[in-house]
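Coordinate analysis (summary)
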Amino acid sequence: MFLALLEPADMADGGADESSSRTESLDGEVRVSKDKLLLRQRLAVRELVDTEVSYLHMLQLCTCDIRGRLQQLPQGDLDVLFSNIDDIIQVNSRFLHGLQETASTEEEQVHLIGNLFLEFQEELERVYKVYCTSYDQALQLVETYRKEPELQREIQGIIEAVVPQAGSSGLDFVLVTPLQRITKYPLLLQKILENTPPEANAYPLLQRATSALQDVNANINEYKMRKEVASKYTRVEQRTLRERLACINTHTLSKKTTRLSQLLKQEAGLVPRTEDKEFDDLEERFHWVSLCVTELKNNVAAYLGNLETFLRFRPHEYNLDIPDGPVAQYCHLERELQFVAFLEFKQRLEGLVWRPLCSLARVLAGPRNLIKKRLDKLLDFERVEEKLLEVGSVSYEEEAARHTYQALNSLLVAELPQFNQLTLRWLGQILRTFVALQQDFAKQVLQRAECSLAQLPHRHVSEPDFRKLVEDVLNQTGNQLHSFKDNFQKVLPPPTIQPLLPGAEHQVQALLSKYGPRRLFQVTSSISGAGTLDLTLPRGQIVALLQNKDTKGNSCRWLVDTGGHRGYVPAGKLELYHVAPSGEELRRQAGPCKDSRHLTPEPTLTPVASVPNMTQVVAVYPFVARSSHEVSLQAGQPVTVLEAQDKKGNPEWSLVDVNGQRGYVPSSFLARAPSPAPWGWRLPS
């Protein structure tokens, strides 16, 4: 009975022991599984750190040993081959330092690694996208080296001596290392993530880090694709007209016709125009920066030209027939300035200002072409978008056109701000250099002229008195110039119409009848058009003003009509044209003439009393000779009057001598030059 009662209890205790043992067994398996997971996680972390150490060591070998030994290659080739590897070393050195610091806290190491990758995400993308973009160009250089066996053997020997594991791959093995590393980061993080329990605190952080590094690689690929698309359009090709015509085919004609049709539809308001305020602002700023560079380049070119003209005058080479003393001292100083100071200044100006400015102007050509090409691709994009809305599908070529526009637009929006900023910084540095050169030059001249300054009349004058002296002289000179101007205006003849150039009467009459006299202008100096809408015009060409600014609102470029072509010209090279008289009016001005076959008289020596013989006068207006009996004049040119009338006694024509050439000119084109009072330095009393 007692045994019977004990049996159920014993059975119950046995079942409990068996259940407890199974639970303990499961707990043990879980612990073992977690230990294995933790071990694999630590191995993955160790792999990340160890491979980062090896990778950084390889980069340092590239910069210190390999690049240092490849001195037989041009510096430009080395810049392409190794690109921005110094920036990569700098970023990865800090990244490795952070990785090694995470080992001090083993419990939170994985969490810290995830944070570290998120912290370096932008820097890694910034440096590696530059290297990856130039990688293809580096491979092209490596291929060219293979075509030179001797050079290839030298390069291969250097690689094998520094990196034996490179083997026959040579330079390719070294250059591809950064690309392999940036693509391996997501895989290493994924391996750590797979060996991290989902319930761990670091798991979400590792997920974000893995996704972030995958985005980095995707962004690098996208940037590389955009750069490849843009590189086709940034190249500035100098092609002849024949080469351009050879490129024309039915496909290009079809594309250009379609774009023109799309543009005309937009101008007519039939289809909407795509508005992009962000890009429009960037483009306007780029054109403003480009205009600044162009204007500064033109000003520096004019400055260099004036300096060259100044250096051609050498007064110290003339024999002044004056004994030694201040004159000899001046000649010695002038000789030193001429052959040392000025030449050194000119060389420094060309090397430190002019050449960098020309380089900057060439750099602008690539973005300018890219902006121009974007407009073409925008028209293609708008047409494809219309078709997509109407039909619902597009061809492969049309889809490629959409992607091309999107790539160009994204690249310009991303990089134009940086480009504009760098260009302004470059321009500012050039201007600061120009000012510094001027200051150095002034100091050098003053040092060389220190002894000669003692010979000047104002050497004992104090600075305030010297300023007063300069102000008085400038005021005196200004008053004399105003007096000269007033006297000159008093003797100006009434407005006289300038004769036309031979063969230009019909063109001017056509422009005159169409636009009126107030819109006619004359080209003062030859114009060479640089843009597609710019005109190339000779000096003296008559044009009609259509608009006193261009489409960007720039009032320095005017839209004109030549009677056959329309385009833009610099406003500074135009002056209002006084309409020339016809031949009948000229004959009327010259008085009655029995022989109408000659517009100008033959030379004669009949003196008149109105203007004495051999009188020195000034040409008021320019005059172009139309026959062998006439002589051309420039406004402001000194003229010697030989006879004040023609052989018929008509005072409207005068026989003159201009630089050794004799001939007739209209008398009304001449004016006496007033004799200003003597002026010069005067010491204060």
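These numbers come from a predicted model, not from an experiment. (Residues numbered from 1 in each chain as written. Predicted model: local features only at pLDDT ≥ 70, side-chain atom pairs only at ≥ 80, totals over all residues. Heavy atoms only, no water.)

**What about the overall build of the chain?**
- Looking only at helices and strands, the chain has 19 helices and 10 strands in total.
- Scored against the burial criterion, the 685 residues of the chain give a buried share of 36%.
- At a minimum sequence separation of 6, the contacts of the chain that also span at least 24 residues come to 71%.
- When the accessible surface of the chain is totalled, it reaches about 41,400 Å², and 55% of it is carbon and sulfur. (Helix = DSSP H or I, 4+ residues; strand = E, 2+ residues; numbered from the N terminus. Buried < 20%, exposed > 50% of the residue type's maximum accessible area, 1.4 Å probe, protein only. Contact = heavy atoms within 4.5 Å. Areas by Shrake-Rupley, 256 points an atom, 1.4 Å probe, with all protein chains shown as cover.)

**Here's the deal with the environment of Phe173**
- By the secondary structure assignment, Phe173 is in helix 7 (residues 171-175).
- Put simply, Phe173 and Val163 are 10 residues apart on the chain and 9.3 Å apart in space, counted from C-alpha to C-alpha.
- Ignoring sequence-local partners within four residues, the contact set of Phe173 consists of Met58, Val163, Gln165 and Ala166.

**Section: the pairing of strand 4 (residues 566-570)**
- Of the pairings in the sheet, the one linking strand 3 (residues 557-561) to strand 4 comprises 5 bridges and is antiparallel in character. Following the sheet pairing, Val560 is matched in strand 4 by Gly567.
- In this structure, the hairpin formed by strand 3 and strand 4 is closed by a connection of 4 residues, where Gly563 is found at a positive phi of approximately 100°. (Pairing = 2+ DSSP bridges.)

**Digging into the packing of aromatic side chains**
- This model, assessed by the stated rule, comprises 12 aromatic pairs.
- Their ring planes at 75° and their centres at 5.6 Å tell us that Tyr621 and Phe669 sit as a pair that is edge-to-face. Separated by 48 residues along the polypeptide, Tyr621 in the loop between strand 6 (615-619) and strand 7 (638-643) and Phe669 in the loop between strand 9 (661-666) and strand 10 (670-672) bring together distant segments of the chain.
- Classification of Phe669 as buried rests on a relative accessible area of 1%. (Phe/Tyr/Trp six-rings, centres within 6.5 Å; stacked < 30°, edge-to-face > 60°.)

**Describing the sheet that holds strand 7**
- If you walk across this open sheet you meet the 5 strands as 9-8-7-6-10, and the pairing is antiparallel. Sheet topology places strand 9 and strand 10 at the edges, where each strand pairs with a single neighbour. Strand-to-strand, the axes of this sheet are offset by a mean angle of 50°, without reference to chain direction.
- When strand 7 meets strand 8 (residues 653-658), the two strands line up antiparallel, connected through 3 bridges. Within strand 8, the position partnered with Thr640 by the bridge is Asp657. (Axes fitted to C-alpha atoms, helices over the stretch in contact; angles between N-to-C directions.)

**A look at the sheet that holds strand 1 (residues 520-523)**
- Spatial strand order, 4-3-2-1-5: 5 strands in an open sheet with antiparallel pairing. Of all strands in the sheet, those with a lone pairing partner are strand 4 and strand 5 (574-576), marking the two edges. Between one strand axis and the next, the sheet turns by 50° as a mean value, whatever way the strands run.
- Note: strand 2 (residues 542-547) against strand 3, 3 bridges, orientation antiparallel. Following the sheet pairing, Leu545 is matched in strand 3 by Val560.

**Examining the confidence of the model for the chain**
- Mean pLDDT over the chain works out to 78, with 79% of the residues at or above the 70 mark.
- Per-residue pLDDT stays below 50 along residues 492-499; that stretch engages in 29 contacts with residues further than four places along the chain or on separate chains.
- With pLDDT under 50 throughout, residues 675-685 is counted as low confidence; its partners more than four residues away or in other chains account for 19 contacts. (pLDDT = per-residue confidence, 0-100.)

**A short note on the nonpolar core**
- Membership of the largest hydrophobic core comes to 62 residues, with the highest contact counts inside it found for Ile66, Leu81 and Phe117.
- Looking at this core, the element that brings in the most residues is helix 1 (residues 2-69), giving 11 residues.
- With residues near it in sequence (within four places) discarded, Ile66 still touches Leu61, Phe82, Ile158, Ile159, Val162, Val163 and Val174.
- Judged by nonpolar contacts, the second largest core, of 33 residues, contains Val293, Val300, Phe345 and Leu370. (Core = buried A, V, L, I, M, F, W, Y, C linked by side-chain atoms within 4.5 Å.)

**Looking at helix 5 (residues 121-146)**
- Here helix 5 spans 37 Å end to end across 26 residues, near enough to the 38 Å set by a 1.5 Å rise per residue.
- Largest kink in helix 5: about 40°, centred on Tyr135. (Expected span 1.5 Å × (residues − 1). Bend = angle between axes of the 7 residues up to and from the residue.)

**Examining the packing of helix 12 (residues 277-312) against helix 14 (residues 365-391)**
- In the contact formed by helix 12 and helix 14, the axes pass within 11 Å of each other and the chain directions differ by 145°. By crossing handedness, the relation of helix 12 to helix 14 is classed as left-handed. Contacts between helix 12 and helix 14 involve Phe279, Glu283, Phe286 and Ser290 from the former and Pro367, Arg368, Ile371 and Arg374 from the latter. (Left-handed = near helix turned anticlockwise from the far one by under 90°.)

**Considerations on the packing of helix 3 (residues 85-102) against helix 4 (residues 109-119)**
- It is the contact of helix 3 with helix 4, at a shortest axis distance of 9 Å, that shows an interaxial angle of 165°. Judged on the interaxial angle alone, helix 4 and helix 3 are roughly antiparallel. Note that helix 3 runs across helix 4; the crossing there is right-handed. Contacts from Phe95, Gly98, Leu99 and Thr102 of helix 3 reach helix 4 at Gln109, Leu112, Ile113, Leu116 and Phe117.
- Of the residues that constitute the contact of helix 3 with helix 4, the class distribution is 6 nonpolar, 3 polar and no charged. (Parallel < 35°, antiparallel > 145°, perpendicular 65-115°, else oblique. Nonpolar A, V, L, I, M, F, W, Y, C, P; charged D, E, K, R; others polar.)

**Observations concerning helix 18 (residues 505-515)**
- Along helix 18, the positions that sit buried rather than exposed are Val508, Leu511 and Tyr515. Seen from one end, helix 18 has its buried residues packed into an arc of 65°, which puts them on one side. Across from the buried face of helix 18, at angles greater than 90 degrees, the exposed residues are His506, Ser513 and Lys514.
- The first or second residue beyond helix 18 is Gly516, which carries a positive phi of 90°. (Arc of directions from axis to C-beta.)

**Some thoughts on a nonpolar patch on the surface**
- A cluster of nonpolar residues, Phe339, Val340 and Leu343, forms a patch on the protein surface that exposes about 220 Å² of accessible area.
- Tracing the backbone through its elements, the reader meets Leu343 in helix 13 (residues 326-363).
- What makes Leu343 partly exposed here is its relative accessible area of 34%. (Patch = residues over 30% accessible without salt bridge, like charges linked within 9 Å, V, L, I, M, F, W, Y side chains within 5 Å. Salt bridge = Lys/Arg side-chain N within 4 Å of Asp/Glu carboxyl O.)

**Describing the side chain of Arg181**
- If you trace the backbone, Arg181 turns up in helix 8 (residues 177-194).
- Setting aside residues up to four positions removed in sequence, Arg181 forms contacts with Leu48, Thr51, Glu52, Tyr55 and Leu188.

**Brief notes about the pattern of salt bridges**
- Overall, the coordinates contain 20 salt bridges when judged by the stated rule.
- Among the ionic pairs, Asp657 bridges to Arg662, the shortest N-O distance being 3.9 Å.
- Through salt bridges with shared partners, one network takes in Arg94, Glu123 and Arg126.

**Here we look at the environment of Leu375**
- Inspection of the secondary structure puts Leu375 in helix 14.
- By relative accessible area, which is 47% here, Leu375 ends up partly exposed.
- When the C-alpha atoms of Leu375 and Asn409 are compared, they prove to be 9.7 Å apart, with 34 residues separating the residues in sequence.

**Re the pairing of strand 1**
- Residues of strand 1 alternate between two faces, with Leu520 and Gln522 on one and Phe521 and Val523 on the opposite face, all of them buried.
- Sheet topology note: the strand 1/strand 2 ladder contains 3 bridges and is antiparallel. Along strand 2, the bridge assignment pairs Phe521 with Val543.
- Bridge count for strand 1 against strand 5 is 3 bridges, and the pairing is antiparallel. For Gln522, the partnering residue across the bridge sits in strand 5 and is Glu575.

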